[in-house]
Amino acid sequence: QVQLVESGGGVVQAGGSLTLFCAASARTFNSLLVGWFRQAPGKEREFVAAFNWSGGATYYADSVKGRFTLSRDNAKNTVYLQMNSLKPEDTAVYYCAGKYVIGALAQQRSYRYWGKGTLVIVSS
């Protein structure tokens, strides 16, 4: 069983930065494929960023590319989402998700494990 806990959300002004954390309790964290999704008020949950299986390559939604950076520390069982140049449209609940199945990085239904989310509010 894998448990994921997000933290780091808060209120920030437009143009500012935040770092989100996803702490995982997983016996094989090194093999866990982790992604971030977000759900804005009144909208469906959408893909933000994810690692692929091998080599740690990262993939980003076009809306965050160049502004968000995904990284991980396997020794700490933690994944980080560094968010820069934040915009009001980045306001959402951000979820960390995990799976051991390769592929379909941007498809929420392919992820088996989910955290409860952390709220990010970007004020204009």
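Residues numbered from 1 in each chain as written. Predicted model: local features only at pLDDT ≥ 70, side-chain atom pairs only at ≥ 80, totals over all residues. Heavy atoms only, no water.

Caption draft 1: Representation of the overall build of the protein chain within the structure. Check the secondary structure of the protein chain and you find 0 helices and 11 strands. Reading the secondary structure of the protein chain in the N-to-C direction produces β-β-β-β-β-β-β-β-β-β-β. Against the globule reference of 14 Å for 124 residues, the protein chain gives a C-alpha radius of gyration of 13 Å, in line with a compact fold. Across its three principal axes, the protein chain shows a C-alpha extent of roughly 40 × 25 × 25 Å. The burial tally for the protein chain puts 44% of its 124 residues in the buried class. Residue pairs in contact within the protein chain that sit at least 24 positions apart in sequence constitute 59% of those at least 6 positions apart. Roughly 6,600 Å² of accessible area belongs to the protein chain as shown, and the carbon and sulfur atoms make up 49% of that amount. When the 13 basic and 7 acidic side-chain charges of the protein chain are each reduced to a single mean position, those positions are 7 Å apart. (Helix = DSSP H or I, 4+ residues; strand = E, 2+ residues; numbered from the N terminus. Rg over C-alpha atoms; globule rule 2.2 N^0.38 Å. Buried < 20%, exposed > 50% of the residue type's maximum accessible area, 1.4 Å probe, protein only. Contact = heavy atoms within 4.5 Å. Areas by Shrake-Rupley, 256 points an atom, 1.4 Å probe, with all protein chains shown as cover. Lys, Arg positive; Asp, Glu negative; His and termini not counted. Charge placed at Lys NZ, Arg CZ, Asp CG, Glu CD.)

Caption draft 2: Main features of the sheet that holds strand 1 (residues 3-7). Strands sit in the order 1-3-8-7 across an open sheet of 4 strands; the sheet is antiparallel. The sheet is open, and its two edges are formed by strand 1 and strand 7 (68-73), each paired on a single side. Looking at each pair of strands side by side, their axes are set apart by 15° on average, direction ignored. One ladder, built from 6 bridges, connects strand 3 (residues 18-25) with strand 8 (residues 78-83); its direction is antiparallel. Along strand 8, the bridge assignment pairs Cys-22 with Val-79. (Pairing = 2+ DSSP bridges. Axes fitted to C-alpha atoms, helices over the stretch in contact; angles between N-to-C directions.)

None of this, on its own, says anything about what the molecule does.
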